[in-house]
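Chain residues, written in single-letter form:
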Amino acid sequence: MSASTAQLQQSTIRQYTLQLRLPTVGGQFLKMAEEAGKQKLGHVAYLEALLAAEVEERERNAVARRIQESKFPKVKTLEDFHFDEAPLIPAAQIRKLAEGGYLSRSEPIVLVGETVKQARGKRTWRPDWQWKPVGSGSGCDSRRRPSW
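Residues numbered from 1 in each chain as written. Predicted model: local features only at pLDDT ≥ 70, side-chain atom pairs only at ≥ 80, totals over all residues. Heavy atoms only, no water.

A.B. asks: Would you mind going over the overall build of the protein chain with me for this structure?
C.D. replies: If you tally the helices and strands in the protein chain, you get five helices and four strands. Overall, the protein chain shows an N-to-C arrangement of helices and strands of α-α-α-α-α-β-β-β-β. Expressed as a percentage of its 148 residues, the buried residues of the protein chain come to 15%. In the protein chain, the proportion of contacts linking residues at least 24 apart, taken out of those at least 6 apart, comes to 29%. (Helix = DSSP H or I, 4+ residues; strand = E, 2+ residues; numbered from the N terminus. Buried < 20%, exposed > 50% of the residue type's maximum accessible area, 1.4 Å probe, protein only. Contact = heavy atoms within 4.5 Å.)

Laid out in structure tokens, this is it:
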């Protein structure tokens, strides 16, 4: 195959991927074809790897888009929290809650404590609040119906 024919094919494939809205396929098909040739992969394995790359990229973009559309002020994780600056918050208990085991056991939790009104009029969580499972003397009982 001549170089001009190869260029024409690559250009045509890129045009098709634009029309089909497959940007990752269009950007990676040549590189992945060379890798598939080196690894002696068949056509089906090459196509699978190429489509998997497209799906992964779309999922990554969807997560980024949802985070942006939610207009979160900043993405925060539990790893970023400084427990040494809030000694009244038990780090082990927060990490245990973060694992979500109470969800699989269908155990509700109640946040007990005083709220503090901030300057903007919003209520915030105080460091002396405690996490208590329902039915552990927290004043809530899972057998009673909620009053609302």
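Now, onward.
A.B. asks: What am I meant to see in the pattern of salt bridges here?
C.D. replies: When charged atoms on two side chains of opposite charge get close, those side chains can pair. Using the criterion set out here, one finds three salt bridges in the structure. Of the charged contacts in the structure, one is a salt bridge between Glu107 and Arg105, with a shortest N-O distance of 3.3 Å. Residue classification places Glu107 among the partly exposed positions, given a relative accessible area of 36%. In this structure Arg105 comes out as partly exposed when scored by relative accessible area, which is 49%. (Salt bridge = Lys/Arg side-chain N within 4 Å of Asp/Glu carboxyl O.)

A.B. asks: Would you mind showing me how to read the packing of aromatic side chains here?
C.D. replies: Working definition: an aromatic ring pair is given by the centre-to-centre distance plus the angle between the planes. Applying the stated criterion across every chain, the model contains one aromatic pair. Seen from their ring centres, Phe81 and Phe83 are 4.7 Å apart, and the 70° between their planes marks the pair as edge-to-face. (Phe/Tyr/Trp six-rings, centres within 6.5 Å; stacked < 30°, edge-to-face > 60°.)

A.B. asks: Would you explain a nonpolar patch on the surface in this entry?
C.D. replies: Residues Val63, Ile67, Phe72 and Val75 make up a contiguous nonpolar surface patch of about 370 Å² in total accessible area. Counting through the fold element by element, Val75 comes out in the loop between helix 3 (43-70) and helix 4 (91-99). (Patch = residues over 30% accessible without salt bridge, like charges linked within 9 Å, V, L, I, M, F, W, Y side chains within 5 Å. Areas by Shrake-Rupley, 256 points an atom, 1.4 Å probe, with all protein chains shown as cover.)

A.B. asks: Explanation requested: the side chain of Thr17 in the structure shown.
C.D. replies: Note that Thr17 resides in helix 1 (residues 3-19). Polar side-chain contacts of Thr17 include one of 2.7 Å to the backbone oxygen of Arg14. If we ignore the near neighbours within four places in the chain, the residues touching Thr17 are Leu22, Val25 and Gly26. (Polar contact = N/O pair within 3.5 Å; in protein donor to acceptor, adjacent residues only side chain to side chain.)

A.B. asks: Looking at this structure, how should I read helix 2 (residues 23-38)?
C.D. replies: For helix 2, built from 16 residues, the straight-helix expectation of 22 Å at 1.5 Å per residue is met to within 8% by its first-to-last C-alpha distance of 24 Å. Within helix 2, the axis deviates most sharply at Phe29, by approximately 50°. Along helix 2, the residues classified as buried are Thr24, Val25, Gly26, Phe29, Met32 and Ala36. Each element contacted by the buried residues of helix 2 is listed here: helix 1 and helix 3. Just downstream of helix 2 lies Lys40, where phi reads positive at about 55°. (Expected span 1.5 Å × (residues − 1). Bend = angle between axes of the 7 residues up to and from the residue.)

A.B. asks: Mind showing me how you'd approach the nonpolar core here?
C.D. replies: Grouped burial of nonpolar side chains is what soluble globular proteins tend to show. Val25, Phe29, Met32, Ala36, Tyr46, Leu50 and Ala53 together form the largest nonpolar core, which totals seven residues. Per-element tally for this core: the top contributor is helix 2, with four residues. Setting aside residues up to four positions removed in sequence, Val25 forms contacts with Thr17, Leu50 and Glu54. (Core = buried A, V, L, I, M, F, W, Y, C linked by side-chain atoms within 4.5 Å.)

A.B. asks: Please clarify how the side chain of Gln10 should be interpreted in this entry.
C.D. replies: Tracing the backbone shows Gln10 in helix 1. The exposure class of Gln10 is buried, given its relative accessible area of 17%. Those residues within four positions of Gln10 in sequence are excluded, and the remaining contacts are Phe29 and Leu30.

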